[in-house]
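Here's the letter readout for the chains.
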Amino acid sequence: MAFKNRILRYDGGGIDLDNIDLIKTPSWLLLYAKRNGINTMPLDVVALCDKAGISVTYQTLCQRDGMDIAGILSSCDSRWSMYVNKKYVERRQRFVIAHELGHFFLHRQDRSIFTDTVFFRAIYHTEEQKQEWQANEFAASILMPRDDVVRLVDEGCDWMQLADAFQVSMLVMRYQLERIGLFSKVLKKEFTIPLVYSSYRP
Ligand SMILES: [Zn+2]
């Protein structure tokens, strides 16, 4: 019986998905979500935070260096809290939460507070900027899993339908489509939105 229980507890090539400290990749986190009954299409990011023990608060956040603070992830006495700019629309908030989840799963050993203003830096020069890029990649991968994007594109979904399916903004959807190399296929007759990779907000 002990052997059977061990098998049941393991997934994804022997990774113990019940141990949240071992989750370091988007795919493991999505498996963790599914095992815990959390909707992944679209991903219920708030339920995931709750399961991970992170409180989520929507509130007014002040500016830093003339830019809105989108989100903050911070730890106090080993309890993690997330603060999300309440004036953002829901889809933008979802990306902020997914980005902060990226920090939580990838970087929480390094820092106790993450304060975010600018997303989507294509070029990074410092370790902090590298972590921002990694958090974006993580967020894109959990909100818009590659296999699901490919499947929906093959089924004929257009840009807007994809954004609706994953409950993300059009710009965030474009970011992921370009990462996967499918944007030109999806674009077809649709209008284009100028995209400045160095610094723009979802
Ligand atoms: Zn960040």
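Residues numbered from 1 in each chain as written. Predicted model: local features only at pLDDT ≥ 70, side-chain atom pairs only at ≥ 80, totals over all residues.

Student: Describe the overall build of the protein, and please don't skip the residues or the numbers.
Tutor: Within the protein, the secondary structure is distributed over nine helices and eight strands. The contacts in the protein between residues at least 6 apart in sequence include a share of 63% that link residues at least 24 apart. (Helix = DSSP H or I, 4+ residues; strand = E, 2+ residues; numbered from the N terminus. Contact = placed C-beta atoms within 7 Å.)

Student: Talk me through the nonpolar core; I want residue IDs and the actual numbers.
Tutor: In terms of nonpolar packing, the biggest core is built from 43 residues, with Leu 101, Ile 142, Leu 143 and Met 173 touching the most fellow members. Breaking this core down by element, the ones donating at least two residues are α2 (26-35), α3 (45-52), β7 (79-85), α4 (90-107), α5 (127-143), α7 (159-166) and α8 (170-180). Ranked by residue count, the leading element in this core is α4, at seven residues. The residues touching Leu 101, leaving out its near neighbours within four places in the chain, are Val 45, Leu 48, Cys 49 and Ile 142. (Core = buried A, V, L, I, M, F, W, Y, C linked by C-beta atoms within 7 Å. Buried ≥ 20, exposed ≤ 12 C-beta atoms within 10 Å, placed from the backbone.)

Student: Explain the packing of α2 against α5 to me, and be specific about the residues and the numbers.
Tutor: Packing of α2 against α5 brings their axes to within 9 Å, and their N-to-C directions diverge by 40°. As the angle between them shows, α2 and α5 are arranged oblique. Between α2 and α5 lies a crossing whose hand is right-handed. Mapping the contact onto sequence places Pro 26, Leu 29 and Leu 30 in α2 and Phe 138, Ser 141 and Ile 142 in α5. (Axes fitted to C-alpha atoms, helices over the stretch in contact; angles between N-to-C directions. Parallel < 35°, antiparallel > 145°, perpendicular 65-115°, else oblique. Left-handed = near helix turned anticlockwise from the far one by under 90°.)

Student: Residues and numbers for the packing of α4 against α5, please.
Tutor: Packing of α4 against α5 leaves a shortest axis separation of 7 Å and a crossing angle of 115°. In this structure, α4 meets α5 at a crossing whose hand is right-handed. Contact with α4, carried on its side by Arg 94, Phe 95, Ala 98, His 99, Leu 101, Gly 102, His 103, Phe 105, Leu 106 and His 107, involves Gln 131, Gln 134, Ala 135, Asn 136, Phe 138, Ala 139, Ile 142 and Leu 143 of α5 and no other residues of that element. Each residue belonging to the contact of α4 with α5 can be placed in one class, and the counts come to 10 nonpolar, seven polar and one charged. (Nonpolar A, V, L, I, M, F, W, Y, C, P; charged D, E, K, R; others polar.)

Student: A description of the sheet that holds strand β3 (residues 54-59) should follow, citing residues and the corresponding values.
Tutor: Across the sheet, four strands lie side by side as β3-β7-β6-β8; this open sheet has mixed pairing. In the strand order of this sheet, the two ends are held by β3 and β8 (113-116), each with one partner. Taking each pair of neighbouring strands and ignoring which way they run, the sheet shows an average axis angle of 20°. Note that strand β6 (residues 71-76) and β8 share four bridges and pair antiparallel. Across the sheet, the residue bridging to Leu 73 is Phe 114, located in β8. (Pairing = 2+ DSSP bridges.)

Student: Please give an account of the confidence of the model for the protein that cites residues and values.
Tutor: Within the protein, residue pLDDT values average 85, and 82% of them lie at 70 or more. Note on residues 1-12: pLDDT under 50 across the span, and 10 contacts to partners over four residues away in sequence or across chains. (pLDDT = per-residue confidence, 0-100.)

Student: Got a sec to walk through α3? Specific residues and values, please.
Tutor: Regarding α3, the residues found buried are Val 45, Leu 48 and Cys 49. The buried residues of α3 all sit within an arc of 100° when viewed along its axis, so they share a single face. Contacts from the buried residues of α3 go to α2, β3, β7 and α4. (Arc of directions from axis to C-beta.)

Student: Give me the lowdown on unusual backbone geometry, citing residues and values where you can.
Tutor: Omega for the bond connecting Met 41 with Pro 42 falls within 30 degrees of zero, at 0°, which places this linkage in the cis form. Assignment of secondary structure puts Pro 42 in the loop between α2 and α3. The backbone phi angle of Asp 77 is positive, close to 55°, even though this residue is not glycine. Along the chain, Asp 77 turns up in the loop between β6 and β7. Of note in the backbone geometry, Gln 167 takes a positive phi value of approximately 55° without being a glycine. Along the chain, the position of Gln 167 falls in the loop between α7 and α8.

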